[in-house]
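Below, each chain spelled out in residue letters.
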Amino acid sequence: MEQAEFLHTVMPFKDKLFRLAKRLLTSTEEAEDALQEVLLKLWVNKSKITAYRSIEAFAVTATKNYCLDRLRSKQASNLQLVHTNYTDESSSLQAQVEAKDSVSLMHEIVQRLPEQQKMVLQLRDVEHYEFEEIGEMLEMNPASVRVALSRARKTVREELIKKHRYGVG
């Protein structure tokens, strides 16, 4: 596989890999590092990756594994949380504060989910993968993916309702 073919194959899903890494690592810098590591791994193994049925699924799995390894490593304690909120300058200060609180609350709730549910939620609701693709990436059957997604959504919904009703997190 030549460089042009490699770029043509990998570039269409590069942003998805970055978003997945950012969701898991929360830091833009760490996500960029993870993406570079995965792309380097794909390049080094470019002669082997054509054997995979879905190079994208392989890349997502490699990204997930790299990020989880980083989180488990001793260096994970050095990871810092970075939140980036885009605000409309014309919106009121109260609306900006509410939007920031909502984003922070959602992030906090999602971070507390079990890893598998967090991954399924990211891949399905953010990246819009099909259940079969997610199952392949996470080595789960599609029915288990549906169950994990349902549980994740239910937990998020319940936590949001609890926060709204009682003002507790």
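Please refer to the structure placed before this passage.
Everything in this summary refers to the structure shown in the same document. Owing to the predicted nature of the structure, the values given are computational and were not obtained by experimental measurement.

## Comments concerning the packing of aromatic side chains
Under the criterion given, the structure shown has 2 aromatic pairs. Arranged with centres 4.2 Å apart and planes meeting at 20 degrees, the rings of Tyr 52 and Phe 58 form a pair that is stacked. A cation over an aromatic ring shows up here: Lys 46 above the ring of Trp 43, its NZ or CZ 3.9 Å from the ring centre.

## Concerning the packing of helix α3 (residues 28–44) against helix α5 (residues 55–72)
Between α3 and α5, the least distance of the axes is 10 Å, while the angle of their chain directions is 130 degrees. Our classification of the angle between α3 and α5 gives oblique. Between α3 and α5 lies a crossing whose hand is right-handed. Counting all contacts with α3, which are made through Glu 30, Ala 34, Glu 37, Val 38 and Leu 42, the residues of α5 involved are Phe 58, Ala 59, Ala 62, Thr 63, Tyr 66, Cys 67 and Arg 70. Looking at the contact of α3 with α5 residue by residue, the class counts come to 8 nonpolar, 1 polar and 3 charged.

## A look at the pattern of salt bridges
Where side chains of opposite charge bring their charged atoms close, a pairing between them can arise. Under the counting rule described, the total for this entry stands at 11 salt bridges. Among the salt bridges present, the one from Arg 19 reaches Glu 127, with a minimum N-O distance of 2.8 Å. With Arg 19 in helix α2 (residues 14–25) and Glu 127 in the loop between α7 (115–126) and α8 (131–138), this pair connects stretches of sequence that are 108 residues apart. Two residues, Glu 108 and Arg 112, come together in a salt bridge whose shortest N-O distance is 3.1 Å. With a gap of 4 residues between them, Glu 108 and Arg 112 both fall in helix α6 (residues 93–112), about one helical turn apart. Residue Glu 108 is classed as partly exposed on the basis of its relative accessible area of 38%. We classify Arg 112 as partly exposed; its relative accessible area is 44%. Here the residues in one salt-bridge network are Glu 108, Arg 112, Glu 159 and Lys 162, joined through shared partners.

## Here we look at a negative patch on the surface
A cluster of like negative charges, contributed by Glu 29, Glu 32, Asp 33 and Glu 37, occupies part of the molecular surface. Mapped onto the elements, Asp 33 comes out in helix α3. By relative accessible area, Asp 33 is classed as partly exposed at 44%.

About the thresholds
- Residues numbered from 1 in each chain as written.
- Predicted model: local features only at pLDDT ≥ 70, side-chain atom pairs only at ≥ 80, totals over all residues.
- Heavy atoms only, no water.
- Phe/Tyr/Trp six-rings, centres within 6.5 Å; stacked < 30°, edge-to-face > 60°.
- Lys NZ or Arg CZ within 6 Å of the ring centre and 35° of its normal.
- Axes fitted to C-alpha atoms, helices over the stretch in contact; angles between N-to-C directions.
- Helix = DSSP H or I, 4+ residues; strand = E, 2+ residues; numbered from the N terminus.
- Parallel < 35°, antiparallel > 145°, perpendicular 65-115°, else oblique.
- Left-handed = near helix turned anticlockwise from the far one by under 90°.
- Contact = heavy atoms within 4.5 Å.
- Nonpolar A, V, L, I, M, F, W, Y, C, P; charged D, E, K, R; others polar.
- Salt bridge = Lys/Arg side-chain N within 4 Å of Asp/Glu carboxyl O.
- Buried < 20%, exposed > 50% of the residue type's maximum accessible area, 1.4 Å probe, protein only.
- Patch = residues over 30% accessible without salt bridge, like charges linked within 9 Å, V, L, I, M, F, W, Y side chains within 5 Å.
- Areas by Shrake-Rupley, 256 points an atom, 1.4 Å probe, with all protein chains shown as cover.
- Lys, Arg positive; Asp, Glu negative; His and termini not counted.
- Charge placed at Lys NZ, Arg CZ, Asp CG, Glu CD.

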